[in-house]
Amino acid sequence: MNYKKDEVTNLLNTKCMNVFGCSIDDATEKQAYKTLCYVVKDLLAEKRSKFAKQYKEKEGKQVYYMSMEFLVGTSLRNNLYNLGMESVFKSALKQKKIDINSLYAMEPDAGLGNGGLGRLASCYMDAMTSLGMMGTGFSIRYEFGIFKQKIVDGWQMEFPDNWLEMGDVWLNRREDESFIIKFGGTLKEEWTDGKLKVTHENYQPVMAVPYDMYISGYDTDAVNKLVLWSAKSPNNLDMTAFSRGEYVRSLEENTMAEVISKILYPADDHIEGKRLRIKQQYLLVSASLQSILLKHIKKYKTLDNLPDKVAIHINDTHPALCVPELTRILIDEYGYDWDKAWDIVTRTLTYTNHTVMSEALERWPESLFSAELPRIYQIVLEINRRLVQKLNEVYPGDIAKIEYMSPVAHGEVRMANLCLAACHKVNGVSKLHSDILINSIFKDYYNIEPDKFTNVTNGIAYRRWLCQSNPELASLIKNLIGDKFVHDATALEGLLKYKGDKNVLESLQKIKLVKKQALAKYISHANGINVDPSSIFDVQIKRLHEYKRQLLNVLQILHMYNVIKDNPNADITPRTFVFAAKASAGYMMAKQIIRLISAVADLVDSDAAVRDKIKVVFIEDYKVSLAEIIIPAAEISEQISIAGKEASGTGNMKLMINGAVTLGTLDGANVEICEQVGKDNIFLFGMTAPEVEELWRKGYNPNFFVTPELKRVLDMLTSGILGTRFEDISKSLLTNSFGTADAYMTIADFESYRQAQERVGKEYLNRDKFTDMSLVNIAKAGIFSADRAVKEYADNIWNIKL
Ligand code: GPQ
């Protein structure tokens, strides 16, 4: 948008006067921050209204992206960048003696997600908008997002994240557009004129109130919306109870209703079968679908053409209730018969799977499901009945197979099967992951409907992760190859011609040093530790999960410690190991691993012979805005999950585009990163997914893989040298009860990892060669852009012409 400095100053003054009754000159810092956000929000609103009008006239198809998580992070800088107005605002504020960076620093992260899945949803909103698509995100306005993490004596402590205090500036409440959601109750069935009518009675109504957040895109006319539902008790409920003299109960029910959108469940890649969680899911699904259908009917006067005008995307199974809820609304509220309703449902819905781990595949006890959602349960049973009938024709008599594929079996409702039965497209999130889906867990569905399955490898909003968080690197790239890459990430390949160019390599090294210094400053402030910016910055930043194998990293550090202790003059390239990770609050093993990382950090630091060679830092409270500081400083990107378990990974892509070289297994999107950069520009180690499978089949006993070096390291876990004795961790690795020891094959991959780490240390010494690797990684990262991924969704899944 084109505004002059004086016009911006006027906007700020007027807004500040209207909201706070003072000019921007007299505003407190908090008032200045809010004023700035309100002004930016107004600009987005203006753009949005033009965009929506254009779109309405075009009658194009649009996407609704349903997700229980959107890890938005901060919005202010991103919005200004996208509007192309960062510098004009910066100078207008500067004139008022306000540093825009200090206002940026006041913005809390909107942490409405746990990790990769939620961040992906936000990256896709950015890309849809940048591509000019009409896309709306739907989620929940959690009053408390992902918890704040503090490390106290090495242990993770969780604190509530009250983000709304400063973060609500971006939200527009639209109370008038609320919907009633019905929980519990009973069903009354009546036959009239040969037609069954089901009435839902005695339910507890909860009101879903929408809050809009504008989503900007780069250099585009589009502005999209993320709609966040908040649960509220409908007032009439209080009044009836109140008038019966049940004052306390009425207030109790108030809080019961409002508790639904109170807090984000902090479990990642793992289900928690809690009653409140299914209520959250139904609130999201029912409110969103009611609003989509109402809007559609207003515009087209019919729902018959819903699949032509609307794609509704289910982001993992968390919003899988879309399947029965859309069926219900069409039948109960719009009078469709089953076949017609089901036809619309199946042609409208699509589904992405994000994991193959069985503990993350959602299933609900039938008893809980039917009590909370009686009508939905009834519809699920009918979907199941019809499906089983059909499967019986395809696989006559194969009871085991049919049971495996059923949405309802063994007293449970299985959400993935519900999606597979209903959605017309299903995708995994990397080539390897999508292959595993069709060859293993979803094989039986694939065999009957192969065309339903496809792959879309994940992508990232690289303008945030490169241009905004590493402007130094972005500007070097611009000087070398022009600015085409800001629109089209594949243009980064132009950098390849600078391979081996001394000047360019030196510039890259300088920029990396600047970013490492900035991170060192953050660490010194946050952890009180001084790290050496000339050491290798080796980072593993992601959720803490056993399958991601932070433990493998720590064991290797202990091994390096031993090497240095044995020979203080050993040829070890100085290294700073950076960890950042939140553990799900109830995940004890993950918390112990954090405790272990801290203990190893202390051990290393307390030893004069070691401390100058290796440093271990655990940075607390990992979140989007912290990732934006760590990633540009990274040189080694640890992507070391056991092969076959990490569906894709997206941190790997963010690190790569900032010039970090991957040290990883052939898992998830690492496989495609390797394809892009070639084996010489990545440090690979470990078993492949088929090798892992094969070893399980043969029978895995970790004890056979323990080398003398590793034995020494494992003994340290329990010897007392670390202060605490880590008996549980040691047992989880070694005690082979019922074949469950070392479930993530940390021990089997240790030796190969150790050797890869040795190579990293050696190759880093040849700075130009290493920087060349880094350059190739930047140049080849373009394919991992969210723009590319969203285009593939539009083409292959949503059937939207761009
Ligand atoms: N992922 Cl099922 C999550 O972050 N949370 C989840 O609950 C599930 C998956 C991740 C997955 O582990 C990563 O490999 C992916 O890159 C990411 O989703 C986005 O697809």
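Calculation notes
- Residues numbered from 1 in each chain as written.
- Predicted model: local features only at pLDDT ≥ 70, side-chain atom pairs only at ≥ 80, totals over all residues.
- Heavy atoms only, no water.
- Helix = DSSP H or I, 4+ residues; strand = E, 2+ residues; numbered from the N terminus.
- Rg over C-alpha atoms; globule rule 2.2 N^0.38 Å.
- Buried < 20%, exposed > 50% of the residue type's maximum accessible area, 1.4 Å probe, protein only.
- Contact = heavy atoms within 4.5 Å.
- Areas by Shrake-Rupley, 256 points an atom, 1.4 Å probe, with all protein chains shown as cover.
- Pairing = 2+ DSSP bridges.
- Axes fitted to C-alpha atoms, helices over the stretch in contact; angles between N-to-C directions.
- Parallel < 35°, antiparallel > 145°, perpendicular 65-115°, else oblique.
- Nonpolar A, V, L, I, M, F, W, Y, C, P; charged D, E, K, R; others polar.
- Polar contact = N/O pair within 3.5 Å; in protein donor to acceptor, adjacent residues only side chain to side chain.
- UniProt positions renumbered as here; feature names shortened; annotations may be inferred.
- Near = heavy atom within 4 Å.
- Phe/Tyr/Trp six-rings, centres within 6.5 Å; stacked < 30°, edge-to-face > 60°.
- Patch = residues over 30% accessible without salt bridge, like charges linked within 9 Å, V, L, I, M, F, W, Y side chains within 5 Å.
- Salt bridge = Lys/Arg side-chain N within 4 Å of Asp/Glu carboxyl O.
- Lys, Arg positive; Asp, Glu negative; His and termini not counted.
- Charge placed at Lys NZ, Arg CZ, Asp CG, Glu CD.
- 1 Å grid on protein atoms, 1.4 Å probe; cavity = no way out; pocket = protein on both sides within 12 Å on 5 of 7 lines; lining within 4 Å.
- Points joined across faces, edges and corners; volume = space filled by probe spheres on them.
- Core = buried A, V, L, I, M, F, W, Y, C linked by side-chain atoms within 4.5 Å.

In this section: the overall build of the protein chain. A count of helical and extended segments in the protein chain gives 34 helices and 25 strands. The globule rule puts the C-alpha radius of gyration for 802 residues at 28 Å, and the 27 Å found for the protein chain is close to it. Overall, the C-alpha framework of the protein chain stretches about 90 × 75 × 55 Å when taken along its three principal axes. In the protein chain, which comprises 802 residues, the share counted as buried stands at 60%. Here the analysis covers contacts within the protein chain between residues at least 6 apart in sequence; of these, 77% occur between residues at least 24 apart. Of the roughly 31,100 Å² of accessible surface on the protein chain, 51% is carried by carbon and sulfur atoms.

Counting buried residues along helix α17 (residues 415-422), eight of its eight residues qualify, which places the element largely inside the surrounding structure. Listing the buried residues of α17 in full gives Met415, Ala416, Asn417, Leu418, Cys419, Leu420, Ala421 and Ala422.

Now for the sheet that holds strand β15 (residues 363-365). Taking strand neighbours across the sheet as the criterion, the three strands line up as β15-β17-β16 in an open arrangement whose pairing is antiparallel. Across the chains shown, the open sheet's two edge strands, defined by having one partner strand only, are β15 and β16 (408-409). Note that β16 and strand β17 (residues 412-414) share two bridges and pair antiparallel. Bridge pairing in β17 links alanine 409 to glutamate 412.

On to the packing of helix α13 (residues 338-348) against helix α15 (residues 374-394), then. Describing two packed helices takes the angle between their axes plus the distance from one axis to the other. Relative orientation of the contacting elements α13 and α15 amounts to 90°, with a least axis distance of 13 Å. Here α13 lies roughly perpendicular to α15, going by the angle between them. Of α15, the residues touching α13 (which contributes Trp338, Asp339 and Trp342) are Ile379, Glu382, Ile383 and Arg386. For the contact of α13 with α15, the per-class residue count stands at four nonpolar, no polar and three charged.

With that settled, consider the environment of lysine 301. Looking at the secondary structure, you find lysine 301 in the loop between α10 (275-300) and α11 (306-309). Along the sequence, lysine 301 and proline 319 sit 18 residues apart, while their C-alpha atoms lie 27 Å from each other. Within polar-contact distance, the side chain of lysine 301 engages the backbone oxygen of lysine 298 at 2.8 Å.

What follows covers the sheet that holds strand β20 (residues 536-541). Taken in spatial order, the six strands make up an open sheet running β22-β21-β20-β23-β24-β25, and their pairing is parallel. Each end of this open sheet is capped by a strand with a single partner; those strands are β22 (614-618) and β25 (683-684). When β20 meets strand β23 (residues 636-639), the two strands line up parallel, connected through two bridges. In the sheet register, valine 539 faces β23, and the bridge partner there is serine 637. Against the sheet, helix α33 (residues 767-779) touches β23, β24 (661-664) and β25, its axis set at about 90° to β24.

Mapped onto this numbering, the UniProt entry annotates "modified residue: N6-(pyridoxal phosphate)lysine" (unreviewed entry) at Lys654. Of the residues examined, lysine 654 reaches a relative accessible area of 7% and is grouped as buried. Discounting residues that sit within four places of it in the chain, lysine 654 has contacts with Arg119, Ile460, Trp465 and Ile631.

Turning our eyes to something else, we now look at the site of the ligand. In the region of the ligand, 15 residues are neighbours, and Leu117, His354, Asn458, Glu646 and Gly649 sit closest. At a separation of 2.6 Å, an oxygen atom of the ligand approaches a polar side-chain atom of histidine 354. A distance of 2.8 Å is found between an oxygen atom of the ligand and a side-chain nitrogen or oxygen belonging to asparagine 458. When the ligand is considered free in solution it has 450 Å² of accessible area, and contact with the protein chains removes 96% of it. A class-by-class count of the residues in the shell around the ligand yields five nonpolar, six polar and four charged.

Here a ring pair, both rings aromatic, is described through the centre-centre distance and the interplanar angle of the planes. What the rule picks out here adds up to 17 aromatic pairs. Look at phenylalanine 51 and tyrosine 55: their rings are 5.7 Å apart centre to centre, the planes differ by 55°, and that puts the pair in the tilted class. Of this pair, phenylalanine 51 and tyrosine 55 both sit in helix α2 (residues 29-58), separated by four residues, roughly a single helical turn. On the basis of relative accessible area, phenylalanine 51 is assigned to the buried category, the value being 4%.

What follows concerns a positive patch on the surface. Taken together, the side chains of Lys56, Lys295, Lys299 and Lys301 present a region of like positive charge at the surface. Note on lysine 301: relative accessible area 66%, which makes it exposed.

The full count for this structure, using the stated rule, is five cavities of 30 Å³ or more. When residues of the lining of the largest cavity are traced back to their parent elements, those giving at least two are β2 (70-73), α3 (76-83), α6 (116-130) and β11 (204-216). For the lining of the largest cavity, the element with the most residues is α6, which contributes four residues. Of the residues assigned to the lining of the largest cavity, the class counts are six nonpolar, six polar and three charged. Its volume calculated, the second largest cavity comes out at about 130 Å³.

Once that is clear, we can look at the nonpolar core. Formed by 208 residues in total, the largest nonpolar core has its most connected members in Phe89, Phe369, Ile630 and Trp798. Not counting residues up to four positions away in its chain, the partners in contact with phenylalanine 89 are Val8, Leu12, Leu36, Val39, Leu43, Leu80 and Ile100. With 69 residues, the next largest nonpolar core counts Ala590, Leu603, Phe726 and Ala748 among its residues.

Here we take up the layout of surface pockets. A probe matching the size of a water molecule, rolled over the atoms, marks out where space remains unfilled. The calculated volume of the second largest pocket comes to roughly 820 Å³. Lining of the second largest pocket is provided by 31 residues; of these, Leu196, Val198, Ile331, Asp332 and Arg375 occupy positions nearest its centre. When residues of the lining of the second largest pocket are traced back to their parent elements, those giving at least two are β8 (179-183), β9 (186-192), β10 (195-201), α10, α12 (322-333) and α15. The greatest single-element share of the lining of the second largest pocket, amounting to eight residues, is contributed by α15. Its residues assigned to classes, the lining of the second largest pocket shows 13 nonpolar, seven polar and eleven charged.

What follows is about the pairing of strand β12 (residues 223-232). β12 sits mainly inside the fold: nine of its ten residues count as buried. The pairing of strand β4 (residues 135-140) with β12 spans five bridges and is classified as parallel. Note that in β12 the partner of phenylalanine 138 across the bridge is valine 227. Linking β11 back to β12 in an antiparallel pair, the connection comprises six residues, with aspartate 219 at a positive phi of about 50°.

Should the charged atoms of two oppositely charged side chains come close, the side chains can pair. Taken as a whole and assessed by the stated rule, the structure comprises 52 salt bridges. Between arginine 363 and glutamate 412 there is a salt bridge, with the nearest N and O atoms lying 3.2 Å from each other. One end of the pair, arginine 363, is in strand β15; the other, glutamate 412, is in strand β17, and 49 residues separate them in sequence. Using a relative accessible area of 25% as the deciding quantity, one classes glutamate 412 as partly exposed. The closest approach of N and O atoms between arginine 788 and glutamate 792, which form a salt bridge, is 3.4 Å. Here the residue arginine 788 and the residue glutamate 792 both occupy positions in helix α34 (residues 786-798), the gap between them amounting to four residues, near one helical turn. Relative accessible area serves as the criterion here: at 18%, arginine 788 is assigned to the buried category. Salt bridges sharing common partners tie together Arg174, Glu177, Asp212 and Lys225.

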